[in-house]
Amino acid sequence: MNCFTKARFDDTPNQRELDNRQVAYEAACEGMVLLKNDGALPFAHKKIALYGPGASMTIKGGTGSGEVNERHSVSILEGMENRGFDISTRNWIAKFEESYEQEKEAYKVEKRKRLNIFKPNSIMQMLFDNFRSPGGPAITEEDVRLSDTDQCVYVISRQAGEGGDRKVEKGDFCLTDVEKEAIRFCAAHYDKFVLAINCGSSIDMSFVDEIPGINAIIYLCQLGTEGGQAFADVLSGKVTPSGKLTDTWAKSYDQIPFGANYSSMDGNPKVAEYREGIFVGYRYFDTFGEEPAYPFGFGLSYTDFTIHSAGVMAENGEITVKATVKNVGEVHSGKEVAQLYVSAPGGRLQKEYQSLMAFAKTDVLAPGEQQVVTLTFPMAAVASYRESDATFVLEAGDYILRLGNSSRNTTVVGAVTIESEIIVSRHEHICPLQQSLQEMDAPVQSYEPIAEGLPRLSVTAKDIPTVTYTYQTPPVREDADVKAILDTLTVKEMVDIVVGIGFFGGEKKFHLPGSVGNTTSKFWDRGLANVALCDGPAGLRIQKKSTISKDGKIKAVELAMSTFDALPGFVKKFLVGDPEKDRVLYQYTTAFPVTAALAQSWNTELMEQVGNAIFREMEEYGCTYWLAPAINIHRNPLCGRNFEYYSEDPRLTGLMAAAITRGVQQEKGYYVTVKHFACNNQEDQRTFSDSRLSERTLREIYLRAFELTVREGGAKSIMTSYNLVNGVYTPNSYDLCTKVLRNEWGFDGVVMTDWFSTNPGQGRNDLCMSAGNDLIMPGGASFKGQILRGLRSGKISEEDIRRCCANMIRAILDSPTQREYLCK
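Residues numbered from 1 in each chain as written. Predicted model: local features only at pLDDT ≥ 70, side-chain atom pairs only at ≥ 80, totals over all residues. Heavy atoms only, no water.

A. A look at the overall build of the protein. The helix and strand tally for the protein stands at 22 helices and 32 strands. Taken against the 2.2 N^0.38 rule, which gives 28 Å for 824 residues, the C-alpha radius of gyration of the protein at 26 Å falls within 12% of a compact globule. The principal-axis extents of the C-alpha atoms in the protein amount to approximately 75 × 75 × 50 Å. Counting all 824 residues of the protein, 65% fall into the buried class. Excluding contacts between residues fewer than 6 apart, the proportion of contacts in the protein whose partners are at least 24 apart in sequence is 79%. Within the structure as shown, the protein displays about 29700 Å² of accessible surface, and the carbon and sulfur contribution to it stands at 49%. Side-chain charges of the protein comprise 89 positive and 107 negative groups, with the mean position of each set lying 6 Å from the other. (Helix = DSSP H or I, 4+ residues; strand = E, 2+ residues; numbered from the N terminus. Rg over C-alpha atoms; globule rule 2.2 N^0.38 Å. Buried < 20%, exposed > 50% of the residue type's maximum accessible area, 1.4 Å probe, protein only. Contact = heavy atoms within 4.5 Å. Areas by Shrake-Rupley, 256 points an atom, 1.4 Å probe, with all protein chains shown as cover. Lys, Arg positive; Asp, Glu negative; His and termini not counted. Charge placed at Lys NZ, Arg CZ, Asp CG, Glu CD.)

Next up, the structure:
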């Protein structure tokens, strides 16, 4: 079968690529967080001693499906030299690079020994083992003498990725002895010493109090293709850092509630008990009086700002605070983030000390300049879930409004009084616990009195009408164009549509090289296209170079994930095309900063621009489903995929993800796929792990970001997760896929599985149909067979299959592939 592709034969950068690199640069600039600065930054001159594993081997992002195959990413070394810095430690860097290459090759050899190419699980295991960079040669007095400068940067780097969690050990969450000694040495020998942290999530920071002379600390996270340039511009003062932490950074791992029971640490990764309940991140630290290394929302600048209330009002159940933000510095321009928190009154339900409700980032403000920003939230968003009667309620009392620039630096600016309880919404119970679970008890909260003269607002039940949800299985779509195709299909053909095609197998009439999956091409001649699904979330992960033979066969020139570099040569030769023999196709996309770094911008307008940039790449190459954003909560700093996720806070996560969703879905038929629904908060044994949590915790913490992305972002696709929630695999959960998603939130798009999540011994393919999980990926005959057997045995009905098939047909008919190739 002849195929169509939108890949180019020209490898010259086009205007879209240049435009998107600029967006990536701006996102990188705003995503860095300045954690400490005693005046060392910005640097006074450009002669720099640069050390550390991340100096020339800067990590742009995590591994696994979150990788992006961009044209080029700029390292810190390259970026600094591009910006005119004189790097005077080139000899040390050359020695480090030599040891790096030697250890990397040894790592690949060892990885090949453990690989069995005839077992798919063995290949998947390759994802779980990330290379740890060597620390490099010891830094000596001679290195210092030759560097001939008083300014130094040392870059710590860490790699994490899909399939495995980080460890509380040296070289991962904790520093190695080599790193500690290097930092101690540099801090003692350079007058201005800057520590840069190139890691997808937090690390143990206890060393900061042990080592004197660390003048500044920058958390650059992992910044994608333009990270090196952005970092250099922050060091020089061309850019003033404006990022804020989206997680609380503990002083040490011992401060994490129930951290000893996380993932594999207690020897039982198949059971994840969420005993901390709603007290995740700052909700725990602020409620229980724990002092963190750096609080949620924290981030320094090269200038100083004041934030004052300019008015508080309530209208129709919505609270608005206007804030005047002023740059009171004398030298540097910069941006600031105004953050609004609410402390709920004590009542029958335990509450966190405060929760983030709204935020706004200013424009660049020159010294002396000010801007009024508006922070708005629905009072209903503060409601707590009461399990006894399945309601969200606002208990009576004063709700204190706190305005500031981090969770630990706020001022009370008013209060909202509720005289009598308001029931916000009535629900049916979902995802019941199958075992008992003892959650932690919070201390009784005591709040400061509200000062005289501060605004006191009143909200009543008239302002927030109670919503009562009704629950039923949605009817099969009856759209005329959907029905015209659906009515011609046999049951077996419907199953062909609801089971997809994977990365390597199946014919693809429309071929997007590097897409991780497709829907079937079997019905192309009957008027239904196949559509491509492509990984995210740090950009569009597709193949940047492929070959196309004379008979139309397309093969990758390089393998899609860096972890597959360790495959034996004969395997790669079979999978990879020969650019000397066949014509080469090019598809260059942009590696944006990882999601954790994007979130640190606290800038929803910028997120929409990133979404728009990704849309342009989807449009250019023919991608229908972008498998992102990933919005699982940072429950624990060790989660291997925290770099792919936004924050420990569900509201910040949801509002940022909704913004990027609006950017991507600006035209009909281009879809985000919000993942991983739900409670995919660890990677070790992720396909067998049972997340056990209360319904209140599930609804308030782990579902809320998904709700915001659906309701406010209009997300059109959801990906279920690998894990179980209270004993039920998520793709088989009617409670999640239908009751919550469709009945409560009004979702009308496609729900799909994660790849291989319905393998034998995991979720069932047939039960996906009755649960409301429409598409099963990556497909295969056994997947289809289980659905048909489930139909014959009565476990599912033909209407279940028909409903899922209709949802898929609707989405495909709206797709760009359908419009471009079958609707001319």
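B. Examining unusual backbone geometry more closely. The step from Leu-41 to Pro-42 runs through a cis peptide bond, and the omega angle for that step is -5 degrees. Structurally, Pro-42 is set in the loop between strand E1 (33-37) and strand E2 (47-51). Going from Gly-536 to Pro-537, the amide bond is cis rather than trans, its omega being 10 degrees. Looking at the element boundaries, Pro-537 is found in the loop between strand E21 (532-535) and strand E22 (545-548). Its identity is not glycine, yet Trp-602 carries a phi of approximately 50 degrees, on the positive side.

C. Structural view of the pairing of strand E5 (residues 192-198). In terms of burial, E5 is a largely internal element, 6 of the 7 residues being buried. Relative to E5, strand E4 (residues 151-157) runs parallel, the two sharing 7 bridges. Paired with Val-155 across the two strands is Ala-196, which belongs to E5. Chirality of the crossover, the property in question, places the unit of E4, helix H6 (residues 177-189) and E5 among those that are right-handed. Here E5 runs beside strand E6 (residues 216-219); their pairing, made up of 4 bridges, is parallel. When the bridges of E6 are listed, Leu-195 appears paired with Ile-217. (Pairing = 2+ DSSP bridges. Right-handed = clockwise from strand over helix to strand, strands pointing away.)

D. Layout of the packing of aromatic side chains. Using the criterion set out here, one finds 30 aromatic pairs in the structure. Between Tyr-353 and Tyr-447 the ring centres are 5.5 Å apart and the planes differ by 45 degrees, which places this aromatic pair in the tilted class. Taken together, the residues Tyr-353 in the loop between strand E10 (337-343) and strand E11 (355-361) and Tyr-447 in the loop between strand E17 (422-426) and strand E18 (456-458) connect sequence positions 94 residues apart. Each ring, one from Tyr-625 and one from Tyr-671, has its centre 4.8 Å from the other, and the planes form 40 degrees; the classification is tilted. In this pair, Tyr-625 sits in strand E25 (residues 623-627) while Tyr-671 sits in strand E26 (residues 671-672), placing the two residues 46 residues apart along the sequence. (Phe/Tyr/Trp six-rings, centres within 6.5 Å; stacked < 30°, edge-to-face > 60°.)

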